[in-house]
Amino acid sequence: MNSMNAKGRPTGTGAETGFTPHETFTGNRGLVQEEPLIFELDSPGASGVDLDEPEEFAPRLGAAARQGRIGLPGLSEPEVMRHYVRLSQKNYAIDSGLYPLGSCTMKHNPRLNEKMARLPGFGDVHPLQPQQTVQGALELIDTLAHWLKELTGMPAVAMSPKAGAHGELCGMMAIDAALRARGEEGTRKRVLVPESAHGTNPATAAQIGFTVDSIPATDDGHVDVAAFKAKLGPDVAAIMLTNPNTCGLFERDIIEIADAVHEAGGYFYCDGANFNAIAGRVRPGDLGVDAMHINLHKTFSTPHGGGGPGAGPVVLSEALAPFAPLPWIVHDKGAYRAIEHESEGTGQPFGRMTAFHGQMGMFVRALSYMLSHGADGIRQASEDAVLSANYILASLKDVMSAPYEGPCMHEALFDDSFLKGTGVETLDFAKAMIDEGYHPMTMYFPLVVHGAMLIEPTESESKDSLDLFIATLRDLAESAKRGETERFSGAPYLAPRRRLDETQAARKPILRWQHGRNEPASKAAE
Amino acid sequence: MRYLPLTKDDRAQMLAAIGAKSVDELFKDVPEAARLGGLIDLPRRQGEMEVERQLAAMAGKNIAASQVPFFVGAGAYKHHIPATVDHLIQRSEFLTSYTPYQPEITQGTLQYLFEFQTQVALLTGMEVANASMYDGSTACGEAVLMAHRVTKRKKAVLSGNLHPHYQDVVANLSDFGSYKLVTEPPCPKGTEGLAGEIDEETSCVVVQNPDVFGHVRDLSALAEAAHAKGALMIVVVPEIVSLGLITPPGEMGADIVVGEGQSLGNGLNFGGPYVGLFAAKQKFVRQMPGRLCGETVDAEGKRGFVLTLSTREQHIRREKATSNICTNSGLCCLAFTIHLSLLGEEGYTRLARINHANAVKLADALGAVPGVKVMNETFFNEFTIETPKPGAEVIDALVEKGVLGGVPLSRLMPGNDAMKNLIAVASTEVNSDQDRAAYARALKEVLA
Ligand SMILES: Cc1ncc(COP(=O)(O)O)c(C=O)c1O
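These numbers were taken from a predicted model, which means no experiment stands behind them. (Residues numbered from 1 in each chain as written. Chains lettered and ligands numbered in written order. Predicted model: local features only at pLDDT ≥ 70, side-chain atom pairs only at ≥ 80, totals over all residues. Heavy atoms only, no water.)

Let us look at the overall build of chain A. Along the backbone of chain A there are 13 helices and twelve strands. Along the longest, intermediate and shortest principal axes, the C-alpha atoms of chain A span 90 × 75 × 50 Å. When burial is assessed residue by residue, chain A has 62% of its 526 residues classed as buried. For chain A, contacts bridging at least 24 residues in sequence account for 69% of all contacts bridging at least 6. Element-wise, carbon and sulfur atoms account for 51% of the exposed surface of chain A, whose accessible area totals about 18,600 Å². Computing the positive centroid from 47 side-chain charges and the negative centroid from 67, chain A places the two 3 Å apart. (Helix = DSSP H or I, 4+ residues; strand = E, 2+ residues; numbered from the N terminus. Buried < 20%, exposed > 50% of the residue type's maximum accessible area, 1.4 Å probe, protein only. Contact = heavy atoms within 4.5 Å. Areas by Shrake-Rupley, 256 points an atom, 1.4 Å probe, with all protein chains shown as cover. Lys, Arg positive; Asp, Glu negative; His and termini not counted. Charge placed at Lys NZ, Arg CZ, Asp CG, Glu CD.)

The subject of this paragraph is the overall build of chain B. Per the secondary structure count, chain B includes 15 helices and 13 strands. Taken over C-alpha atoms, the radius of gyration comes to 25 Å for chain B, in line with the 22 Å a tight globule of 448 residues would show. Its C-alpha atoms put chain B at 80 × 55 × 50 Å along the principal axes. By residue count, 67% of the 448 residues in chain B fall in the buried class. If you take every contact in chain B between residues at least 6 apart in sequence, the share linking residues at least 24 apart comes to 71%. Carbon and sulfur atoms form 50% of the exposed surface of chain B, whose accessible area is close to 14,000 Å². On chain B, the mean spot of the 42 positive side-chain charges and the mean spot of the 51 negative ones are 3 Å from each other. (Rg over C-alpha atoms; globule rule 2.2 N^0.38 Å.)

Here we take up the site of the ligand. For the ligand, the set of nearby residues contains 15 residues, the closest of which are S103(A), D271(A), H297(A), K298(A) and T327(B). Take N295(A): an N or O atom from its side chain is 3.1 Å from an oxygen atom of the ligand. Take H297(A): an N or O atom from its side chain is 2.7 Å from an oxygen atom of the ligand. The protein chains hide 98% of the 390 Å² of surface that the ligand would expose on its own. No other element matches helix α5 (residues 164-181) of chain A, which puts three residues into the shell around the ligand. Classifying every residue of the shell around the ligand by side-chain character gives five nonpolar, seven polar and three charged. (Near = heavy atom within 4 Å. Polar contact = N/O pair within 3.5 Å; in protein donor to acceptor, adjacent residues only side chain to side chain. Nonpolar A, V, L, I, M, F, W, Y, C, P; charged D, E, K, R; others polar.)

A few words on the pairing of strand β13 (residues 422-426) of chain B. Residue and element names in this part refer to chain B. The buried count for β13 comes to five of five residues, which makes it a mostly enclosed element. Of the two faces of β13, the one holding L422, A424 and A426 and the one holding I423 and V425 are both buried throughout. As paired strands, strand β11 (residues 382-386) and β13 are joined by five bridges and run antiparallel to one another. Looking at β13, one finds that E382 is bridged to A426. Here strand β12 (residues 407-408) pairs with β13 via two bridges, running antiparallel. The residue bridging V407 from the neighbouring strand is A424, located in β13. (Pairing = 2+ DSSP bridges.)

In sheet architecture, strand pairing relies on hydrogen bonds along the backbone and comes in two forms, parallel and antiparallel. Residue and element names in this part refer to chain A. What the three strands build is an open sheet, ordered β10-β12-β11; its pairing is antiparallel. The outermost strands of the open sheet, each flanked by one partner alone, are β10 (412-414) and β11 (442-443). Note: β10 against strand β12 (residues 453-455), three bridges, orientation antiparallel. By the bridge assignment, L413 is partnered in β12 with L454.

Before going further, it helps to examine the nonpolar core. Residues F228(A), F300(A), M400(A), F429(A) and L473(A) are the most contacted members of the largest nonpolar core, which totals 126 residues. At 19 residues, the largest contribution of residues to this core is made by helix α9 (residues 360-396) of chain A. In this structure L473(A) touches L396(A), M400(A), F429(A), M433(A), M441(A) and I455(A), once residues within four positions along its chain are discounted. Judged by nonpolar contacts, the second largest core, of 73 residues, contains L110(B), L113(B), L123(B) and L342(B). (Core = buried A, V, L, I, M, F, W, Y, C linked by side-chain atoms within 4.5 Å.)

Attention shifts here to the interface of chain A and chain B. Taken together, the contact pairs 207 residues of chain A with 195 residues of chain B. Summed over both partners, the interface of chain A with chain B comes to about 17,600 Å²; 61% of that surface belongs to carbon and sulfur atoms. At the boundary of chain A with chain B, the tally comes to 19 salt bridges. Residue E104(B) is joined to K431(A) by a salt bridge in which the shortest nitrogen-to-oxygen separation is 2.9 Å. At the junction of chain A and chain B, the tally comes to 110 residue pairs in polar contact (both at pLDDT 80 or more). At 23 residues, α9(A) tops the list of elements feeding residues into the side of chain A that touches chain B. Partitioned by chemical class, the residues of the side of chain A that touches chain B number 105 nonpolar, 58 polar and 44 charged. (Buried area = accessible area lost by both parts, 1.4 Å probe. Salt bridge = Lys/Arg side-chain N within 4 Å of Asp/Glu carboxyl O.)

Evaluated as defined, the whole model comprises 54 salt bridges over all chains. Among the charged side chains, a salt-bridge network with shared partners connects R29(A), R498(A), E300(B) and K302(B).

For the rest of this paragraph, the subject is the confidence of the model for chain A. Mean pLDDT for chain A: 95, with 97% of residues reaching 70 or above. Under a pLDDT of 50 for its full length, residues 520-526 of chain A has, in the predicted model, 13 contacts with residues more than four places off or in other chains. (pLDDT = per-residue confidence, 0-100.)

What follows is about helix α8 (residues 164-177) of chain B. Residues and elements named next belong to chain B. With 14 residues, α8 extends 20 Å between its outermost C-alpha atoms, agreeing within 8% with the 20 Å of an ideal straight helix rising 1.5 Å per residue. Among the 14 residues that make up α8, eleven are buried, leaving the element largely enclosed by the rest of the structure. Taken from the residues just after α8, S178 is the one with a positive phi, measuring 60°. (Expected span 1.5 Å × (residues − 1).)

Taken as a whole, this structure holds 15 aromatic pairs over all chains when the rule is applied. Judged by centre distance (5.6 Å) and plane angle (75°), the rings of F94(B) and Y112(B) are edge-to-face. Here the residue F94(B) occupies a position in helix α5 (residues 92-95), and Y112(B) occupies one in helix α6 (residues 107-124), the gap between them amounting to 18 residues. Both rings, one in F114(B) and one in F305(B), keep their centres 4.7 Å apart while their planes meet at 40°; by these two values the pair is tilted. One end of the pair, F114(B), is in helix α6; the other, F305(B), is in strand β9 (residues 303-308), and 191 residues separate them in sequence. Site record: aromatic cluster; members linked through ring pairs are F275(A), F300(A) and Y369(A). A cation over a ring is seen here: K189(A) above F210(A), with NZ or CZ 4.9 Å from the ring centre. (Phe/Tyr/Trp six-rings, centres within 6.5 Å; stacked < 30°, edge-to-face > 60°. Lys NZ or Arg CZ within 6 Å of the ring centre and 35° of its normal.)

Turning to the packing of α6(B) against helix α12 (residues 330-367) of chain B, a few remarks are in order. Residues and elements named next belong to chain B. Where α6 contacts α12, the two axes come as close as 9 Å, and the packing angle between them is 55°. As the angle between them shows, α6 and α12 are arranged oblique. The two elements α6 and α12 cross, and the hand of that crossing is left-handed. Residues Y112, L113, E115, F116, Q119, V120 and L123 of α6 touch α12, and the partners they reach there are G330, L331, C333, L334, F336, T337, L340, S341 and Y348. (Axes fitted to C-alpha atoms, helices over the stretch in contact; angles between N-to-C directions. Parallel < 35°, antiparallel > 145°, perpendicular 65-115°, else oblique. Left-handed = near helix turned anticlockwise from the far one by under 90°.)

Residue and element names in this part refer to chain B. What the domain assignment reports for chain B is domain 1 (68-79 + 345-447) and domain 2 (83-338). Here the C-alpha centroids of domain 1 and domain 2 sit 27 Å apart. Counting residues at the interface gives 30 residues for domain 1, matched by 27 residues for domain 2. Taken together, both faces of the contact between domain 1 and domain 2 bury some 2,300 Å²; the carbon and sulfur share is 69%. (Domains from an automatic or database assignment.)

As structure tokens, this is what we get:
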């Protein structure tokens, strides 16, 4: 019998029943709500936007006027709000916890940057407004370009690429254009790419007709310089090298590599995805780089937004600068001017990467980040990122297995040899982290390490947060070694969903909702 | 520094745990010659207030679309975005999440992508759509590469009325990929006949609807002509609101449809980030670029969503991938899909009718200005006018009168004399009768 308080409300906790429900009527689990597809919430005729029907008029659509319905569901505003809020509650995010995805730089996203991007003078200006009405927008792009050139020690930057991979494409096109200008486009078709490279590197090179030749890594995780030099020749267009590399190491022979590729008549494309380790401490221009993209959505904290948008400006050396794509900005006669056509400026632009001027919304956020940090804060951020990764590496080396001796840069790489004989694989280990409230690290990348686990804490974690993370991974590693395989093999147990059947998804792809085809999940809806 | 949680003490303790004397030791692999001793010559850290002041000063130098009667389009359109959209996309769980590589804890992102794909397929009248490209122009470039893969041919035929920036993006990819390209001259009257250019070598014909001059066309005959030669028809939709009133490209026989989704949920942002839409026939799905989200079940049999068919993509296929794209336009898809969910069938089609009605009224008002000729018989929310003076001068003079009157086509196609006196003018739901009257009055004064 529960004790009663003055108002008659039972105060007992119910713990004595010993009952924990596994199935609920609704399928919901407290705060985690099952949510149907928006199409299953249709109230025909409803709308969350009040618009007045226009007065009668004679349409001018000719023979192309639409007949028939589209099939969009109707919902009121509160229903739409609830749908997306419930969906959001099924997502992990940096704002809710450490997000150690190696190579992705999941750092804090300051909200000041969001506020700045929404100033009407930035968010509500059209890319084709007369240029005298957007002088501040052009100034912003020019200012960001200045910061990027100073931080990288490079003389030029192409601002328009839309993300890292698009920046790679831009850089490789500039290289191809430079080769053409030398009359060597037909002869230099081979691009050297380390085995450890991100998939976008070989994909980019192949997309514009280069052949990809892979360079092996040494046992200590660096480019095998001897093997690389042996591959150089008159048919080599470029090397595409990530630095710091995808094993989390600084390529210590990088200047020798740059010199060798230049001597052989090729160019050095650097994948700058890992710039967050060195910004403010090392300038790629001092390493002999000819082109490097910078993922503003990594190093300069523009939010990843569930997969984008990003921005991938590319800094260029003197040799490649003349070939930079349209558009670019010049400052003369006291005004800014966007050069949108070859005839308007000097240079031999290779073409255009995208409509308009690039990812302005990301530029504002990145500049806001830079102005906030300053030269001193950017350097400190890189140091903290590297320090945190090394702290993780040093603290877990004894229970997990690190294929390479430290120090590392801003990410700590482990392999799966510590799991040998436990029956637990990298994937299981990662999924068990979910039950502990963590997003897993990057898994199975880079490909040069067996069962790779690449941990990038970034500079945004406090020491307490790092310590709890380390303690959690220690506990998991020890648990795996003790043979507690159930903790791993079925994990996650506590997430909004258990493991999903990816084989089924690929074998019979269902890529859209179709009336009557996709069954709702919860019991109540059955 | 307000964003950095580690204290001096923390750093010292961590270095001790690592066994390093200073942080410099951690950078020992950096060649001596490349180690920066001091700070880079850039300003030092600043507080929120100072940063805000500096950026607001820059923003203040621009004229925002909402400040004036605004009629600029040509591939980006000013629409009213419901407050709910911007609130929801700023939720931490959406804004600060990565690509949903761990589906168990990113069902939120995956489900909205699945819904987005469905919406794009419905609007375009296609069977499948992907989880977005960077923007309309790069989607267009990728569509041409996909058509080459599907048909195993190497020549594309481009309409001269395709947005010139889109033409440039396609030309750039063709150039470096060693593909052939035939581009028709622009046709301001909208009577271009493309069918004659399609031959047995042609992989695709690329046509924009409404085109850069605003003309709206039924493309069914062009699709038949393309298919008769074994080529694909790619339709580019620069203004996604138009599909509330125009026959979907899928019904006209399109094989691939790409579009710019900015108009739904996404602000003008001076050109980006936007959201590239990409839809196709089901039979081509394995040649599509970009991410695809698919339905499946979890270990308990519950419905869930995952990224799928990734054997097309760079992280699995590397140099054999269908595209190099990785990061796409995730959050812009979310803005798009929320705005469209709010509108629903009724709201979306009514929004399209309002846009069209406003453009019709504006065309009539501007057409009545002495010396001004409206070039279009058909259009949606944008049309082209011919003025007795050069379009660029007219637009500049209109700025002086406080009206942003459109895009002089000479800006997009400089050096082409036929464009000199043409202006593309857009009118959406944001324009009032007063805005239109102000435009007509100002234009009359400018041309007087
Ligand atoms: C090493 C590396 N290179 C390139 C990329 C591609 O960048 P994005 O996703 O911005 O296109 C990534 C990110 O995913 C990366 O980690």
